[in-house]
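As a plain string of letters, each chain reads:
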Amino acid sequence: MRKKQKQEILGILKTLLAAHEAIKKAVEKGNISGAQAILTECQQAAVTAGTSIEQSEGEGHASVCCLEEYCETVFCTYEELGEDDCNINKSCKILNRQIIMAENIVTNDIRVRKEVVFFPYKACMWDSLESVYLAAKADPDCDVYCVPIPYFEIDHDGNFGEMHYEGGLYPKDIEITDWQTYNFEERMPDAIYIHNAYDDCNYVVSVHPRFYSSNLKKYTDMLIYIPYFTLKEIEPDDQQAVDRMKHFIWVPGVILADKVIVQSEKMKQIYVNEYIKAAQENGFTGKHLDRKYLEQKISGAGSPKIDKVRSLKKEDLDIPQDWLTVIQKADGTYKKIVLYNTGVTAVLAHEDRLLDKIERTFEIFKENKEEIALLWRPHPLIQPTIRAMRPDLLDKYVRIVEKYRREGWGIYDDSTDIDRAVVLSDAYYGDGSSVVQLCQAREMPIMMQNVDV
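Reading the values: rules and limits
Residues numbered from 1 in each chain as written. Predicted model: local features only at pLDDT ≥ 70, side-chain atom pairs only at ≥ 80, totals over all residues. Heavy atoms only, no water. Helix = DSSP H or I, 4+ residues; strand = E, 2+ residues; numbered from the N terminus. Rg over C-alpha atoms; globule rule 2.2 N^0.38 Å. Buried < 20%, exposed > 50% of the residue type's maximum accessible area, 1.4 Å probe, protein only. Areas by Shrake-Rupley, 256 points an atom, 1.4 Å probe, with all protein chains shown as cover. Salt bridge = Lys/Arg side-chain N within 4 Å of Asp/Glu carboxyl O. Polar contact = N/O pair within 3.5 Å; in protein donor to acceptor, adjacent residues only side chain to side chain. Contact = heavy atoms within 4.5 Å. Pairing = 2+ DSSP bridges. Axes fitted to C-alpha atoms, helices over the stretch in contact; angles between N-to-C directions. Parallel < 35°, antiparallel > 145°, perpendicular 65-115°, else oblique. Left-handed = near helix turned anticlockwise from the far one by under 90°. Nonpolar A, V, L, I, M, F, W, Y, C, P; charged D, E, K, R; others polar.

Visitor: Could you clarify how one ought to interpret the overall build of the protein chain in this entry?
Guide: Secondary structure summary: the protein chain contains 19 helices and 14 strands in total. A compact globule built from 453 residues should have a C-alpha radius of gyration of about 22 Å, whereas the protein chain, at 30 Å, is more than 25% larger. On the principal axes, the C-alpha backbone points of the protein chain span a range of 105 × 55 × 40 Å. Considering the protein chain as a whole, with its 453 residues, one finds that 50% of them fall into the buried category. Split by element, the accessible area of the protein chain, about 22500 Å² in all, is 49% carbon and sulfur.

Visitor: Mind showing me how you'd approach the pattern of salt bridges here?
Guide: Under the criterion given, the structure shown has 28 salt bridges. The closest approach of N and O atoms between Lys308 and Asp419, which form a salt bridge, is 3.5 Å. Taken together, the residues span a long stretch of sequence, with Lys308 in helix 12 (residues 304-311) and Asp419 in helix 18 (residues 418-424) at a distance of 111 residues. Residue Asp352 pairs with Lys396 through a salt bridge whose shortest N-O separation is 3.1 Å. In this pair, Asp352 sits in helix 15 (residues 352-367) while Lys396 sits in helix 17 (residues 394-407), placing the two residues 44 residues apart along the sequence. Exposure remark for Lys396: the relative accessible area of 19% places this residue in the buried category. Several salt bridges converge on common partners, so that one network encompasses Arg2, Glu115, Arg187 and Asp190.

Visitor: Is there a simple way to think about the side chain of Thr220 in this case?
Guide: Among the structural elements, Thr220 can be located in the loop between helix 7 (213-216) and strand 7 (223-225). Of the polar contacts made by the side chain of Thr220, one reaches the backbone oxygen of Pro189; its length is 2.8 Å. Of the polar contacts made by the side chain of Thr220, one reaches the backbone nitrogen of Met222; its length is 3.2 Å. Other than its neighbours up to four places away in sequence, Thr220 contacts Pro189, Asp190, Ala191 and Ile192.

Visitor: Sorry if this is basic, but what is going on with the sheet that holds strand 5 (residues 191-194) here?
Guide: Within a sheet, neighbouring strands are paired by backbone hydrogen bonds and run either parallel or antiparallel to one another. With parallel pairing, the 6 strands of this open sheet are ordered in space as 2-1-5-7-8-9. Looking at strand neighbours, the two that pair on one side only are strand 2 (142-146) and strand 9 (298-299), the edges of this open sheet. Sheet topology places strand 1 (residues 114-119) next to strand 2; 5 bridges connect them, and they run parallel. In the strand pairing of strand 2, Lys114 is matched with Cys142.

Visitor: Please clarify how the packing of helix 1 (residues 3-28) against helix 2 (residues 32-57) should be interpreted in this entry.
Guide: Relative orientation and spacing of two packed helices are given, respectively, by the angle between their axes and the distance between those axes. Helix 2 packs onto helix 1 with a crossing angle of 165° between their chain directions and a minimal axis gap of 9 Å. Between helix 1 and helix 2, the angle is such that the two are roughly antiparallel. Both helix 1 and helix 2 take part in a crossing whose hand is left-handed. Listed contacts from helix 2 to Gln5, Ile9, Ile12, Leu16, Ala19, His20, Ala22, Ile23, Ala26 and Val27 of helix 1 are Ile32, Ala35, Ile38, Leu39, Cys42, Ala45, Ala46, Thr48, Ala49, Ser52, Ile53 and Ser56. Class assignment for the residues of the contact of helix 1 with helix 2 results in 17 nonpolar, 5 polar and no charged.

What follows is the structure, encoded as structure tokens:
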């Protein structure tokens, strides 16, 4: 039984105990019809509570038996009212005893089941929630739902474009619930997990407005945000480095969440410090300035992304056949594999120079393709970002992608599985990205891309 449902049933039972006192007072004042009216309402309330229990716990539950006996006593008391030998005090004691017995059974014997729902949007970012989902799924007292939600690309005028839904792209062992059938407004889940915190503040993509944190907050007691990314670890007192990442902190999902889980204790301290500064600048008061509250709200328990990538082994990977033709040498052994990652921030900062850099990089790796395999994995939002914010670069970027894929000497990975690319690779080359932290967790060599070299 859900916690809310149990609380509602216990609330009905407490109301019935209070009603019995009202019945006695009405009889003492000679208001028999009033007492009978209250008894009728008592019977209806008991039936409502019993029906709710049966729907959750099945027929024949001990508390339902108590309520059935209670209804019989209510009926007899109703019939006896107004008769000379009616003893209303005795009748109410019996009614009280039956309700208290039902209350004790409900309190002690009915287990509360939690309902937890995860609302990811892009399948490639599911690894930021997966280990938490699997842990909740293993809890016998927990009903868990993974409900991928639709999202929209945003054009350069700020308008919603085509709607995307990636519910069919999740791992086969993840049970998917359709977003149109899961009515969180009615179900009121005990906890909601999200990994997109931006609501209407993102200029590239937006989840469906129904799933903005500002709306989800209304329908749960626990809204939990886990970032879909990891950041380079920095010291809390390195303000210059903090200033480069603090824009991730003052966003709707962080502000509205009841719990925020970040990658480390150091990152937690940065979140707390910068949250308080931003709250002061934006005129927030109360708990938003309470360091003790924020220390509890923000957890440095670690990122599920790191958990996932550390747990995988190369032999566990499902490697596509067309990848093997690039990776394997003539004798069947693997070449060294370099994961080449190009990011959103880099293309916004360097624009056409970054595209030129990508082409020069391809020339180098193509010359060495017999010994080294290149696995190019551009950020999944890089093309929507270019389309929305640097539209003049779109044609050139598309030509680069099409030529690379057509020539076939390297791997182009636009799949939802970032972990496969990381675990398969021997080294990282590319832009600053949360992928760097995943590669560091695997103790891989890292080389950062410099457009000027």
